Amino acid sequence: MAKSTTLLWAIAGVLFLALAGVAAYKALPILNPEVGGMAVLDSDCDLRAGPCQSDLPGGGRVSFAIKTPGIPLVKPLDLEVRLSGVEASQVEVDFVGIGMNMGFNRPRLNAQGGGVFAGTGMLPVCVRVAMEWEARVLITSPRGLLAAPFRFITVKDGVALPGGER
């Protein structure tokens, strides 16, 4: 009886490991998609002041805006992407914490027509007083997956940004 129980547990363990391996293999492209072209990061961009623009490799331009004032944490953010010179079947915004893994956070935006995509997203709460983020606009196009990075900083409620902004 003990040998058969041990054998069953061993088989169950092997099946679990195989299932976990297949799940990881299937999830990897979702978590880390292969980008065919990456726009250059504009370090002068200030999403708090308004939309930022970037030229896409191979032609075209993307404009990204977080329309919610102050870019608050744990509150809905109105997001807008405007494309010119590139067709897109899908647009997502991948929020990535700089220096701290903040988990998978990639809202899909809805096509509004005329190269405009809009939707909502939300940033999670952070233990830091100030957090730097990168919003990677991911554009699914006939040329493949294109990406444009935009950086910004969030602060906890009641804390002023350098320069006096809140």
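Throughout, a residue's number is its position along its own chain's written sequence, starting from 1. The predicted origin of the model limits local features to residues at a pLDDT of at least 70 and limits the giving and counting of side-chain atom pairs to 80 or more, whereas totals for whole chains, interfaces and linings rest on all residues. Only hydrogens and water are set aside; all other atoms, that is, all heavy atoms of the structure, feed into the side-chain values.

Peer 1: Help me out: how do you make sense of unusual backbone geometry in this one?
Peer 2: Generally, phi is negative for residues other than glycine and the peptide bonds are trans, each holding for most cases. The backbone phi angle of Ile71 is positive, close to 45°, even though this residue is not glycine. Per the convention used, a helix needs a DSSP run of H or I reaching at least four residues, while a strand needs a run of E reaching at least two, with both numbered from the N terminus. Within the element layout of this structure, Ile71 appears in the loop between strand S3 (61-66) and strand S4 (77-84). Any residue under 20% of the maximum accessible area for its type is buried, any over 50% is exposed, and the rest in between are partly exposed; the area is computed with a 1.4 Å probe on protein chains only. According to the relative accessible area criterion, Ile71 is buried, its value standing at 2%. Unusually for a residue other than glycine, Val74 sits at a positive phi of about 55°. Along the chain, Val74 turns up in the loop between S3 and S4. Taking relative accessible area as the criterion, Val74 reaches 46% and is therefore assigned partly exposed.

Peer 1: Whenever I open this one, the sheet that holds strand S1 (residues 37-38) confuses me. Can you help?
Peer 2: Backbone hydrogen bonds are what pair the strands of a sheet, in a parallel or an antiparallel way. Strand order in the open sheet formed by 9 strands is S1-S9-S8-S5-S6-S7-S4-S3-S2, with mixed pairing between adjacent strands. Every other strand in the sheet has two partners, leaving S1 and strand S2 (52-55) as the edge strands with one partner each. One requirement defines pairing of two strands: DSSP has to find at least two bridges between them. Bridge count between S4 and strand S7 (residues 116-121): 6 bridges; the pairing is antiparallel. Paired with Leu79 across the strands is Gly119, a residue of S7.

Peer 1: Which parts of the structure should I look at to understand the pairing of S3?
Peer 2: Consecutive residues of a regular strand have side chains that alternate between opposite faces of the sheet. Most of S3 is tucked away: 5 of the 6 residues are buried. Count of turn residues in the S2/S3 antiparallel hairpin: 5 residues, of which Gly58 carries a positive phi of about 85°. Relative to S4, S3 is paired through 6 bridges, and the arrangement is antiparallel. From the neighbouring strand, Arg61 faces S4, where its bridge partner is Ser84.

Peer 1: What am I meant to see in a nonpolar patch on the surface here?
Peer 2: Without a salt bridge and with relative accessible area above 30%, a residue can belong to a patch; like charges are then joined within 9 Å and nonpolar side chains (Val, Leu, Ile, Met, Phe, Trp, Tyr) within 5 Å. For every accessible area listed, the method is Shrake-Rupley and the probe measures 1.4 Å; residues are considered covered only by the protein chains on display. Only one rule defines a salt bridge in this text: a Lys or Arg side-chain nitrogen within 4 Å of an Asp or Glu carboxyl oxygen. A cluster of nonpolar side chains, contributed by Leu7, Ile11 and Leu15, occupies part of the molecular surface with about 300 Å² of accessible area. Considering the arrangement of structural elements, one finds Leu7 in helix H1 (residues 2-31).

Peer 1: Looking at this structure, I do not really get the pattern of salt bridges. What am I missing?
Peer 2: Two side chains carrying opposite charge are able to pair once their charged atoms lie near each other. Under the counting rule described, the total for this entry stands at 8 salt bridges. The salt bridge partner of Glu80 is Arg82, with a shortest N-O separation of 3.1 Å. Classification of Arg82 by relative accessible area gives partly exposed; the value is 43%. Between Glu92 and Arg108 there is a salt bridge whose closest N-O contact spans 3.9 Å. Of the two residues, Glu92 is situated in strand S5 (residues 90-97) and Arg108 in strand S6 (residues 108-113); the sequence distance between them amounts to 16 residues. One network of salt bridges, with partners in common, ties together Glu132, Glu134, Arg136 and Arg151.

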